[in-house]
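Chain and residue survey
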Amino acid sequence: MSGRTEGGAKGRNAGSDGGRQTARIVFSCVAFAIAPTAAFAHASDRGYVLLLPTGYYLFGGAVAVAASFLALLFVPQNTLEKLAAWRLPLLALPDGLRFWTSLASFLTLFVLIAAGIFGSRDPLSNPLPLTVWTLVWIGLTFVQGLFGNLWYWIDPWYTLIKLAGVLMPKNIRLKYPGWLGYWPAVALFAAFAWFELIYVAPDDPYRLALAAGSYWLFTFVIMLAVGHDAWSERGEFLSVFLRMISRLGIFDAPRDGVWLRISLCLPGAKLWTAQPLPLSGTLFLLLALASVSFDGFSRTFFWLGSNGINPLEFPGRSALQTINTAGLAGMFAALAAVFLICVSVGECLAGKKSARRAAGLLVWSIAPIALAYHFSHYVPAFLVNAQYAVVALSDPFGFGWNLFGTAYMPVSAGIVMGSEQAVFIWNAQAFAIIGGHVLAVLVAHGLAARLHAGSEGAPLSQLPLTLLMIGYTVFGLWLLSTPTAG
């Protein structure tokens, strides 16, 4: 959550000649989407710089991803399919439990929005921004990617839509247009990313309460019109994002009548049977990766310096809104273009004429990379702000309550400060990025084999996408190692 609130009024307004400014923005995004340069310093958000031999990490990460691609060429496809299909049954949960967990989630959200309106305006004392940005956007995404679809149980709309459905005649419900695809989710995620990364004060409890409350009501009305399942599957951006990320988790939960059969599986195994996404779904996953990538990139000395801003005199968010809006759009456009080009070239190498189905299937290999970037970028902030959240939840309205016995718990920022902690966290971040790309290569290998079943062109079709993943690995490690501001 650090860095979202407006950081001060001093500094000059960024920008110069419009055409030259736009050219610099586009050049910066394209250059760093495909060919990042090396750097030899690690800068944290806590104000210290630790020298690390990051050139070795960049080279080693690239070699690890490339080596995994080469190794997979010698692994029999049926062996990988058996590993992906392996399940260890654990327990069964009644689907009816979802009614009560969703109701509890809605009531919690209601209290948090009330706290945002009537509670403290300090983002580190009010539980709403800490819950939204730290526990949900960061923490819940971690849980979804590591374990599975927890969001299924805590969706704050499900129970109220179910109750409303009892009272509302079903014959007045509209059918969700198939041609809309995931476009509503793309638009809503873009608005969410802009609010989080570029808006002046996304941490302000009152403004966030109005935004969260309005969005909940908007979604509720749409779900009344087209149905909960239809909108949550393709229109509600958070449900779409979290469900996609949950395919990486180690727990599978297929429905069996009124029961959900929980079983253990290997990480990413559920992606093995994923179906091709339409263009809108492909762009949604690419937007998710581009947004978290740009969040890190927008703070680098390179980005700020390229736009005429002295990183040591960071002017605050208001001076960067236009620049960063163009930058976010540029990062997304560059990533989408490079991905689609790589898939198209790969299909040409495999002797195929159309790449649309391939792009919709192979884009699932982006999911591990998106989760890895999410972890690497946000874990330092999560380690500190999660402590503030635990404190704030005990006294949501600032009345001196101590509901959970944590209101006076000391918050330790030292967990991410100091050379030893920095080395540990940086290595964990680097490992996550490299591991995410290796898993992405494995997933792409399996999906390409499905796409080109019985064809000798499957390995060739993966080559351009593997090169993109190698480049993005280096880019991710560079983001971790380069100095940042703001």
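Notes on the structure follow.

**Some thoughts on the packing of aromatic side chains**
Using the criterion set out here, one finds 34 aromatic pairs in the structure. Relative to Phe237, the ring of Phe189 has its centre 6.0 Å away and its plane inclined at 80°; by these criteria the two rings are edge-to-face. You can see Phe189 sitting in helix 8 (residues 183-197) and its partner Phe237 sitting in helix 11 (residues 237-246), a full 48 residues away along the chain. With relative accessibility at 7%, the residue Phe237 sits in the buried group. When the ring of Phe297 is compared with that of Phe302, the centres are 6.2 Å apart and the planes differ by 35°; the resulting orientation is tilted. Judged by its relative accessible area of 30%, Phe302 is partly exposed. When the ring centre of Tyr152 is taken as reference, the NZ or CZ atom of Arg98 above it lies at 3.8 Å. One residue, Arg247, lies across the ring of Trp364, its end atom 5.0 Å from the ring centre.

**Quick word on helix 7 (residues 158-167)**
Those residues of helix 7 not exposed but buried are Tyr158, Thr159, Leu160, Ile161, Ala164 and Gly165. Looking at the buried residues of helix 7, the elements they touch are helix 4 (97-118), helix 9 (205-226) and helix 10 (228-234).

**Topic: the packing of helix 17 (residues 419-451) against helix 18 (residues 458-481)**
At a closest axis distance of 10 Å, the pairing of helix 17 and helix 18 adopts a crossing angle of 165°. Relative to helix 18, the element helix 17 lies roughly antiparallel. Viewed along their axes, helix 17 and helix 18 form a crossing whose handedness is right-handed. Here Trp426, Gln429, Ala430, Ile433, Ile434, His437, Ala440, Val441, Ala444, His445, Ala448 and Ala449 of helix 17 come into contact with helix 18, specifically with Ala458, Ser461, Gln462, Leu465, Met469, Tyr472, Thr473, Gly476, Leu477, Leu480 and Ser481. In the contact of helix 17 with helix 18, the residues fall into 15 nonpolar, eight polar and no charged.

**Some words on the side chain of Asp295**
Within the element layout of this structure, Asp295 appears in helix 12 (residues 279-297). A polar atom in the side chain of Asp295 sits 3.1 Å from the side chain of Tyr378. Residues contacting Asp295, with those up to four places away along its chain left out, are Glu196, Leu197, His377 and Tyr378.

**Considering the pairing of strand 6 (residues 259-264)**
In the sheet, strand 3 (residues 88-94) pairs with strand 6 via six bridges, with the strands oriented antiparallel. Pairing of Pro94 across the sheet is with Trp259, part of strand 6. Pairing of strand 4 (residues 251-252) with strand 6 involves two bridges; the strand directions are antiparallel. Within strand 6, the residue paired with Asp252 across the bridge is Ser263. The sheet contact formed by strand 5 (residues 255-256) and strand 6 spans two bridges and is antiparallel. What sits directly across from Asp256, in strand 6, is Trp259.

**A word on the environment of Gly296**
Inspection of the secondary structure puts Gly296 in helix 12. Filtering out sequence-adjacent residues up to four positions away, Gly296 remains in contact with His377 and Leu479.

The rules we used
Residues numbered from 1 in each chain as written. Predicted model: local features only at pLDDT ≥ 70, side-chain atom pairs only at ≥ 80, totals over all residues. Heavy atoms only, no water. Phe/Tyr/Trp six-rings, centres within 6.5 Å; stacked < 30°, edge-to-face > 60°. Helix = DSSP H or I, 4+ residues; strand = E, 2+ residues; numbered from the N terminus. Buried < 20%, exposed > 50% of the residue type's maximum accessible area, 1.4 Å probe, protein only. Lys NZ or Arg CZ within 6 Å of the ring centre and 35° of its normal. Contact = heavy atoms within 4.5 Å. Axes fitted to C-alpha atoms, helices over the stretch in contact; angles between N-to-C directions. Parallel < 35°, antiparallel > 145°, perpendicular 65-115°, else oblique. Left-handed = near helix turned anticlockwise from the far one by under 90°. Nonpolar A, V, L, I, M, F, W, Y, C, P; charged D, E, K, R; others polar. Polar contact = N/O pair within 3.5 Å; in protein donor to acceptor, adjacent residues only side chain to side chain. Pairing = 2+ DSSP bridges.

Purely geometric numbers; function is a separate question.
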